[in-house]
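Tertiary structure, described
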Amino acid sequence: MRIGAHVDSAEPLVEAAARGADAVQFFLTDPQGYKSPVPRDDAEQLRASEVDIYIHAPYIVNVASPNNRIRIPSRKLLMAHAKAAAELGAKGLIVHGGHVGSGADLADGFANWRKAFEYAAKDGGLPLPVLIENTAGGDNACARRFDDLARLWDAVGEFGAGFCLDTCHAFAGGEDLTGIVDRVKSITGRIDLIHANDSKGGFDSGQDRHDNLGNGKIDPELVVAAIRAAGAPAIVETPGGADGQTADIALLRERTGG
Ligand SMILES: [Zn+2]
């Protein structure tokens, strides 16, 4: 079982070693900005590393948006990140499910997701798996409630979209963690990555506030059970720097038996 952490982007392999991680996830750019990624000096080391690399797209990417001043740059930024992530030998590019504004129709969001994949196909195709992540908050999110996730997958499943299950987002988003892997897989057919996070916010609170495993509102056994059932790599996106994340990784390794 590959288990790792979301780390600072400056020296991801150093951060991985400090945590005993065999996978790392990081941002290529400011997650709140529209800047395109630039080539990295450590690309060769990252490609050659035994550590699995995952890249998280900026938070501002929202390809579902009905606002074309958000949707069009989001689409381009997603594609730029996909190309840059593939250059680093990344296993996947994680992107949040996105949302439409209040009062807007979620059907437009799903249609826009489809257009994003069509745009990518026209631009030479996605050079690595794009993993759509479930989100915690909002009433107009494409991938918070799993009945909406099912509609999203009707739109994008045929393009080979991957899925990243975040345990904090699922719990805070109001999806029961018991048996969650089977429920997701009945929709998506796959789970490529687990974001193994505890939640400071309560069940269905809509709050995206990650906590260290066993420190928040989620029974850590449910996180462990999800990783085991999915048989997927896990990344902790938890606070506390190297110390906090090392403890979270150790807990997962011990309880998943590997
Ligand atoms: Zn996450």
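Residues numbered from 1 in each chain as written. Predicted model: local features only at pLDDT ≥ 70, side-chain atom pairs only at ≥ 80, totals over all residues. Heavy atoms only, no water.

1. Section: helix H1 (residues 12-19)
Counting along an α-helix, one turn takes 3.6 residues, and residues three or four places apart therefore face a common direction. If you check which residues of H1 are buried, you get Pro 12, Ala 16 and Arg 19. Viewed end-on, H1 has its buried residues packed into an arc of 70°, placing them on one side of the element. The positive-phi residue at the C-terminal boundary of H1 is Gly 20, with phi of around 65°. (Buried < 20%, exposed > 50% of the residue type's maximum accessible area, 1.4 Å probe, protein only. Helix = DSSP H or I, 4+ residues; strand = E, 2+ residues; numbered from the N terminus. Arc of directions from axis to C-beta.)

2. Digging into the sheet that holds strand E6 (residues 162-166)
Pairing is parallel around the closed barrel formed by 8 strands, whose spatial order is E1-E2-E3-E4-E5-E6-E7-E10. In this sheet, neighbouring strand axes are inclined to one another by 30° on average, regardless of whether the strands run parallel or antiparallel. In this sheet, strand E3 (residues 52-56) lies alongside strand E2 (residues 23-27) in parallel orientation, the contact comprising 5 bridges. Bridge pairing in E3 links Ala 23 to Asp 52. (Pairing = 2+ DSSP bridges. Axes fitted to C-alpha atoms, helices over the stretch in contact; angles between N-to-C directions.)

3. A few points about the packing of aromatic side chains
Tallied over the full model, the rule gives 5 aromatic pairs. For the pair Trp 153 and Phe 163, a centre-to-centre distance of 5.9 Å together with 85° between the ring planes defines the contact as edge-to-face. A residue pair is termed long-range when its members are at least 10 positions apart, and Trp 153 in helix H5 (residues 146-156) and Phe 163 in strand E6 qualify at 10 residues. Both residues of the pair, Trp 153 and Phe 163, count as buried. Ring geometry for Phe 171 versus Phe 203: centroids 5.5 Å apart, planes at 70°, classification edge-to-face. One end of the pair, Phe 171, is in helix H6 (residues 167-172); the other, Phe 203, is in the loop between strand E8 (198-199) and strand E9 (210-211), and 32 residues separate them in sequence. The class of Phe 203 is partly exposed, set by a relative accessible area of 45%. Here the aromatic cluster, defined as three or more aromatic residues joined through ring pairs, consists of Trp 113, Phe 117 and Phe 159. (Phe/Tyr/Trp six-rings, centres within 6.5 Å; stacked < 30°, edge-to-face > 60°.)

4. Points about the side chain of His 96
Considering the arrangement of structural elements, one finds His 96 in strand E4 (residues 92-96). Within the structure, the side chain of His 96 is placed 3.3 Å from the side chain of Glu 133, a separation counted as a polar contact. Setting aside anything within four residues of it in sequence, one finds His 96 in contact with His 56, Tyr 59, Trp 113, Glu 133, Thr 135 and His 169. (Polar contact = N/O pair within 3.5 Å; in protein donor to acceptor, adjacent residues only side chain to side chain. Contact = heavy atoms within 4.5 Å.)

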